Amino acid sequence: MSETRGTATFRTSAEAYDRHIGRYGPALARALIEATNVSAGQRALDVGCGPGALTAVLSEALGADRVTAIDPSEPFVEACARRLPGVDVRAGSAEALPFPDHSFDVTLAQLAVNFMRDPPAGVGEMRRVTRPGGAVAAAVWDYAGEMTLLRRFWDAAVSIDPDAADRDEGRSMPYCTPEELEGLWRDAGLREPAVSALVVDAEYGGFDELWYSLEHGSGPSTAYAVSLPPEPRARLRDELRRGLGVGEDPFRLTARAWAVVGTVP
Ligand SMILES: C[S@@+](CC[C@H](N)C(=O)[O-])C[C@H]1O[C@@H](n2cnc3c(N)ncnc32)[C@H](O)[C@@H]1O
């Protein structure tokens, strides 16, 4: 498995994550819980919670004492627990969830399935811990298409360094198309998987802010950018700005994720 999947790439501070991809997290979380029909009274599990974007929205909707969250990244677990007192936040991986069968009404994973070491095992565990009739849901970026920031970033990277094609998340990430997600859900025995597009956006004060967030962020795009020496890194920066067609005025970027929701038989 590539170093940019799994947990290594997320052993960073929550603040680094928040300023880059985490900027889209709260809006995506609201869209995901709507697509999943999360409703008052339910008990929810957030798998691959990171610093807690989805956990926070679940906590607002259900109450902190009805929400459990889990992630293998120690700094993220610590940040999520600190930010959301009352939520049961655990360190651990999707592939071995430390919960009895049928513990939750709804189990969700936001932007995490494609980072799992073994996604079929992880989704199988999500199903196991959810009660019959409950929902298992996930959202994954449309890396190959309309996640604007990452698509333009990898296009710029490949234009200055053809070898970056192997690291392009649009090619390297598994389970980032509707067909793959639907198949993953069906293979896990989840009934009637429904895939939909969730489109959110995020605001930037200008291109300098975007570039700082990326260079001081976390995840595969940051790992690639900071691996470059100064001269190609400056060319990447220029190419990205050109590709986005933005300057120092504030702007918004849209990002599309695919959501999949299935029912436990
Ligand atoms: C892109 S972040 C998403 C974090 C958060 N859900 C959000 O929406 O902001 C991906 C998360 O998946 C976690 N992760 C990686 N491998 C995992 C695994 N095997 N099981 C559960 N989570 C995993 C990472 O530690 C990281 O927190």
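Residues numbered from 1 in each chain as written. Predicted model: local features only at pLDDT ≥ 70, side-chain atom pairs only at ≥ 80, totals over all residues. Heavy atoms only, no water.

Asker: Please give an account of the sheet that holds strand 6 (residues 191-204) that cites residues and values.
Answerer: Strands sit in the order 3-2-1-4-5-7-6 across an open sheet of 7 strands; the sheet is mixed. In the strand order of this sheet, the two ends are held by strand 3 (88-91) and strand 6, each with one partner. On average, each strand axis in the sheet is inclined to that of its neighbour by 20°, with strand direction left out of account. Of the pairings in the sheet, the one linking strand 4 (residues 104-110) to strand 5 (residues 130-141) comprises 6 bridges and is parallel in character. Residue pairing for strand 5: valine 106 is matched across the bridge by alanine 135. Together, strand 5, strand 6 and strand 7 (251-263) form the strand contacts of helix 6 (residues 148-160), whose direction differs from that of strand 7 by roughly 110°. (Pairing = 2+ DSSP bridges. Helix = DSSP H or I, 4+ residues; strand = E, 2+ residues; numbered from the N terminus. Axes fitted to C-alpha atoms, helices over the stretch in contact; angles between N-to-C directions. Contact = heavy atoms within 4.5 Å.)

Asker: Would you mind going over the pairing of strand 3 in detail, with residue names and values included?
Answerer: Here strand 2 (residues 67-71) pairs with strand 3 via 4 bridges, running parallel. Its bridge partner lying in strand 3, alanine 69 is registered against valine 89. Considered for its hand, the β-α-β crossover made up of strand 2, helix 4 (residues 74-83) and strand 3 is right-handed. (Right-handed = clockwise from strand over helix to strand, strands pointing away.)

Asker: Go over the nonpolar core with me, naming the residues and quoting the values.
Answerer: Grouped together as the largest cluster of nonpolar side chains are 91 residues, with contacts concentrated most on Tyr24, Val113, Trp141, Leu210 and Leu236. Here this core takes 8 residues from strand 7, the largest share from any one element. If sequence neighbours within four positions are ignored, valine 113 has contacts with Pro119, Val123, Ala138, Val140, Tyr175, Leu184 and Trp185. (Core = buried A, V, L, I, M, F, W, Y, C linked by side-chain atoms within 4.5 Å. Buried < 20%, exposed > 50% of the residue type's maximum accessible area, 1.4 Å probe, protein only.)

Asker: Can you explain the site of the ligand? Please cite residues and give values.
Answerer: Taken together, 20 residues form the shell around the ligand, and within it Tyr17, Gly48, Asp71, Glu95 and Gln110 come nearest. With the chains in place, 98% of the 590 Å² that the ligand exposes on its own is no longer accessible. Broken down by class, the residue content of the shell around the ligand amounts to 10 nonpolar, 7 polar and 3 charged. (Near = heavy atom within 4 Å. Areas by Shrake-Rupley, 256 points an atom, 1.4 Å probe, with all protein chains shown as cover. Nonpolar A, V, L, I, M, F, W, Y, C, P; charged D, E, K, R; others polar.)

Asker: So what about unusual backbone geometry? Which residues, and what values?
Answerer: Phi is positive for leucine 111, which is not a glycine, with a value near 60°. Relative to the elements of secondary structure, leucine 111 occurs in the loop between strand 4 and helix 5 (119-128). The phi dihedral of glutamate 192 falls on the positive side, at around 45°, and the residue is not glycine. Assignment of secondary structure puts glutamate 192 in strand 6. Its relative accessible area of 65% is what places glutamate 192 among the exposed residues.

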